Amino acid sequence: MSGLTPLNYPPELTPEESEYLLTNLKDWSIANGLAVRPAPSFVSPEQDPTGVLAATAPVTLFPSLFPRNCLDAGVAIQTAYNELYSAIARDEAWLKDIVEELIDIDEFVAKLWQTHLAVKKEGYVQDLTLGLFRSDYMVHTDQSSPSGSTGLKQVEFNTIASSFGGLSTQVSRLHKYLLSINAYPESTSSIIKAEALRQSKSASSLAQGLAAAHKAYGRSVTGRPLCVLFVVQNPERNVFDQRHLEYALFEGHDVRSFRLPFEQTLSHTRLDEDRSLLYTPPSSPSTSYEVTTVYFRAGYSPDDYPEEKEWSARLHLEKSRAIKCPSVLTHLAGCKKVQQVLATPHSPHLKRFLPDEDMASKVLATFAPIYPLDDSEAGKEAKKLAQDVGSATRYVLKPQREGGGNNVYRKAIPPFLEKLPQTHWPAYILMEMIEPPPLTNAILRNGQLQRGGVIGELGVYGVCLWRNGKDDKDAGQILENWEAGYLLRTKGDQSEEGGVAAGFGAVDSCVVID
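Residues numbered from 1 in each chain as written. Predicted model: local features only at pLDDT ≥ 70, side-chain atom pairs only at ≥ 80, totals over all residues. Heavy atoms only, no water.

## Details of the pattern of salt bridges
Working step 1: Per the stated rule, a full pass over the model turns up 23 salt bridges.
Working step 2: For Arg352, the salt bridge is made with Asp91, and the minimal N-O distance between the two is 2.9 Å. Taken together, the residues span a long stretch of sequence, with Arg352 in helix α13 (residues 350-353) and Asp91 in the loop between α3 (78-90) and α4 (92-99) at a distance of 261 residues.
Working step 3: A residue is classified by how much of its surface remains accessible, and Asp91, at 18% relative accessible area, is buried.
Working step 4: Between Asp241 and Arg297 there is a salt bridge, and its shortest N-O distance comes to 2.9 Å. Here Asp241, found in helix α8 (residues 239-253), pairs with Arg297, found in the loop between β12 (289-296) and α10 (308-319); they are 56 residues apart in sequence, far enough to count as distant.
Working step 5: The class of Arg297 is buried, set by a relative accessible area of 4%.
Working step 6: A single network of salt bridges, built from pairs that share partners, joins Arg134, Asp136, Glu457 and Arg489. (Salt bridge = Lys/Arg side-chain N within 4 Å of Asp/Glu carboxyl O. Helix = DSSP H or I, 4+ residues; strand = E, 2+ residues; numbered from the N terminus. Buried < 20%, exposed > 50% of the residue type's maximum accessible area, 1.4 Å probe, protein only.)

What follows is the structure, given as structure tokens:
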């Protein structure tokens, strides 16, 4: 096939080409940990009673086309976003005003805020906070522009459990490997070039962030060996994504880490008299470790708190001397309400946290219009837009939640609001839909190949370590701040949601085009 252009990329494959590509993709993925535990719908618990099986993670066959200027812009602005959200997390008074609008209508946000107040009452003993962030974007085509110009618009900012940093590195390696063994047809050579395949360094860079916090913690207070604690969900299908960070932390920085299911926190950790967090591995009860850093890969969803003991566990960890990634205030900074307050047209809040006008204007340019559903003037206008079937088709309704599967889209918004008590409407934000350019690709999920139109969502990772400050006069200090690689998640264009773990998207990498 000749004459391949972005308009007819990727090409159709002959049966022989398809077999060669898929065989190498599946084998490389399992051999290199581009994998997940299989979904129960794919492999039943009866077929795998001891949980030993793994399956190739949902992945694209080809790297997806992505505008070079958009990828470069997302990468370049990440340190500004790190600065923005670390500043928000340090500004308790400003966050308090935001949270107080939600605590009577969102029990989860209320419980997080109560956790903060309980720790504050006893006194915080750790002044450092680590953020492993991810800012998610889509390419937006400006329909009003005669040239149909494109730019990045932010979908959301993740401050807790920003996943797929481990698998993102592996999928960019996979696509590079497939190119090197000529698994892609010769017709793609004008597009898929080694220099156009953008490799992601996310696994090693995020692990470096954990290592920086571990080092900043300093020497052991108790005389025990030091460790980093991954607080995880159980069971966890996305375990290999997390393992890549653990292995990079040990192999690259000689830092020991352990995995602790969230619900077992109180059974295997305790606080000593100065609130150092001590972890005793159940596999080695004669040895206790002093925890330098608690990395939350659980605790971001109400589903992680089925009983009060999980809230007691969160309070227990927050009270400790260990550095939290993230702290409860940083977790709250990731609320969609915060994004809405920053992005509502003519909002004055952004300059509070980013006084540099040039930096603030670049961040502002990535905001899609977002509105509250409250009794403000902007909120009243948003309510009209959300309740009208005609105008609602241009919007998505979002609650204060992390993880996929929580949003309400387009025509589904009016009937959803009709059933929701109006007192609960302010717990949601209304965001203008981003209109990405049409693309095609093929996705391998649970052994099945899906071809057709796709939409890509870019996530740019960031590492930020900061000192919170002792009082209102001490505004704190950023100690480390860097961009930490990228993630591309691709989904069928008939799916509104993009979460890979939630069953909607696939991990992908970028082949940049001009």
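## Structural notes on the sheet that holds strand β14 (residues 370-372)
Working step 1: One open sheet accounts for four strands, arranged β14-β17-β15-β16; its pairing is antiparallel. Either end of the sheet is taken by a strand with one partner, and the two such strands are β14 and β16 (408-409).
Working step 2: Across three bridges, β14 lies against strand β17 (residues 429-432) in antiparallel orientation. Of the residues in β17, the one forming a bridge with Pro372 is Ile429.
Working step 3: The sheet strands contacting helix α12 (residues 336-343) are β14, β15 (395-398) and β17, and the helix crosses β14 at an angle near 110°.
Working step 4: Helix α15 (residues 377-387) contacts β14, β15 and β17 of the sheet and is inclined by roughly 105° relative to β14. (Pairing = 2+ DSSP bridges. Contact = heavy atoms within 4.5 Å. Axes fitted to C-alpha atoms, helices over the stretch in contact; angles between N-to-C directions.)

## Remarks on the nonpolar core
Working step 1: Core analysis: the biggest nonpolar cluster contains 136 residues, and Leu84, Tyr85 and Ile88 have the highest contact counts within it.
Working step 2: When neighbours within four sequence positions are excluded, Ile88 is seen to be in contact with Trp94, Leu95, Ala333, Val338, Leu342 and Phe353.
Working step 3: If you look at the next biggest cluster of nonpolar residues, it comprises 17 residues, including Ile105, Leu397, Ala427 and Tyr428. (Core = buried A, V, L, I, M, F, W, Y, C linked by side-chain atoms within 4.5 Å.)

## Focus on α8
Working step 1: Taking 1.5 Å per residue, 15 residues should reach 21 Å; α8 reaches 21 Å between its end C-alpha atoms and fits that length.
Working step 2: Within α8, the full set of buried residues consists of Val239, Asp241, Gln242, His244, Leu245, Glu246 and Leu249.
Working step 3: Taken together, the buried residues of α8 touch α6 (165-180), α7 (202-217), β8 (226-232), β9 (257-261) and β12.
Working step 4: Phi turns positive one or two residues past the end of α8, at Asp254, with a value near 55°. (Expected span 1.5 Å × (residues − 1).)

## Let's talk about the packing of aromatic side chains
Working step 1: Under the defined criterion, the tally for this structure stands at 17 aromatic pairs.
Working step 2: Site record: aromatic cluster; members linked through ring pairs are Tyr81, Tyr85, Phe133, Tyr137, Phe157 and Trp466.
Working step 3: The ring of Phe296 is capped by Arg314, whose NZ or CZ atom sits 4.6 Å from the centre of that ring. (Phe/Tyr/Trp six-rings, centres within 6.5 Å; stacked < 30°, edge-to-face > 60°. Lys NZ or Arg CZ within 6 Å of the ring centre and 35° of its normal.)

## A look at unusual backbone geometry
Working step 1: Cis geometry marks the peptide bond from Tyr9 to Pro10; its omega dihedral reads -5°.
Working step 2: At Phe164, a position not held by glycine, the phi torsion is positive, near 75°.
Working step 3: For Phe164, a relative accessible area of 4% gives the class buried.
Working step 4: We note that Arg410 has phi near 50°; this positive angle belongs to a residue other than glycine.
Working step 5: With respect to the element layout, Arg410 can be found in the loop between β16 and α17 (413-419).

## A look at the sheet that holds strand β4 (residues 64-67)
Working step 1: The strand order across the open sheet formed by three strands is β4-β22-β7, and the pairing between neighbours is mixed. The strands lining the two open edges of the sheet, one partner per strand, are β4 and β7 (197-198).
Working step 2: Across two bridges, the pairing between β7 and strand β22 (residues 510-513) is antiparallel. By the bridge assignment for β22, Arg198 is matched with Cys510.
Working step 3: Against the sheet, helix α2 (residues 68-76) makes contact with β4, β7 and β22, and its axis sits at roughly 70° relative to β4, the strand it touches most.

## Describing the environment of Glu236
Working step 1: Positionally, Glu236 belongs in the loop between β8 and α8.
Working step 2: Residue Glu236 is classed as buried on the basis of its relative accessible area of 17%.
Working step 3: For the pair Glu236 and Leu260, spaced 24 residues apart in sequence, the C-alpha separation works out to 11 Å.
Working step 4: Ignoring anything within four residues of it in the chain, the contact list for Glu236 reads Arg37, Gln242 and Arg259.
Working step 5: Here Asn238 takes part through its backbone nitrogen, which lies 2.8 Å from a polar atom of the side chain of Glu236.
Working step 6: Side chain to side chain, Glu236 and Gln242 meet in a polar contact 3.1 Å long. (Polar contact = N/O pair within 3.5 Å; in protein donor to acceptor, adjacent residues only side chain to side chain.)

## Digging into the UniProt feature "domain: Glutathione synthase substrate-binding" (unreviewed entry) in the chain
Working step 1: This chain's UniProt record puts "domain: Glutathione synthase substrate-binding" (unreviewed entry) on residues 227-333.
Working step 2: Helix and strand shares over residues 227-333 are 35% and 26% respectively, and the end C-alpha atoms of the span are 27 Å apart. (UniProt positions renumbered as here; feature names shortened; annotations may be inferred.)

## Notes on the confidence of the model for the chain
Working step 1: Of the residues in the chain, 94% have a pLDDT of 70 or more, and the chain-wide mean is 92.
Working step 2: The low-confidence segment residues 497-503, where pLDDT is below 50, has 25 contacts with residues more than four positions distant or belonging to other chains. (pLDDT = per-residue confidence, 0-100.)

## Notes on the pairing of β4
Working step 1: Burial of β4 is two-sided: the residues Ser64 and Phe66 facing one way and the residues Leu65 and Pro67 facing the other way are all buried.
Working step 2: Bridge count between β4 and β22: four bridges; the pairing is parallel. Paired with Ser64 across the bridge in β22 is Cys510.

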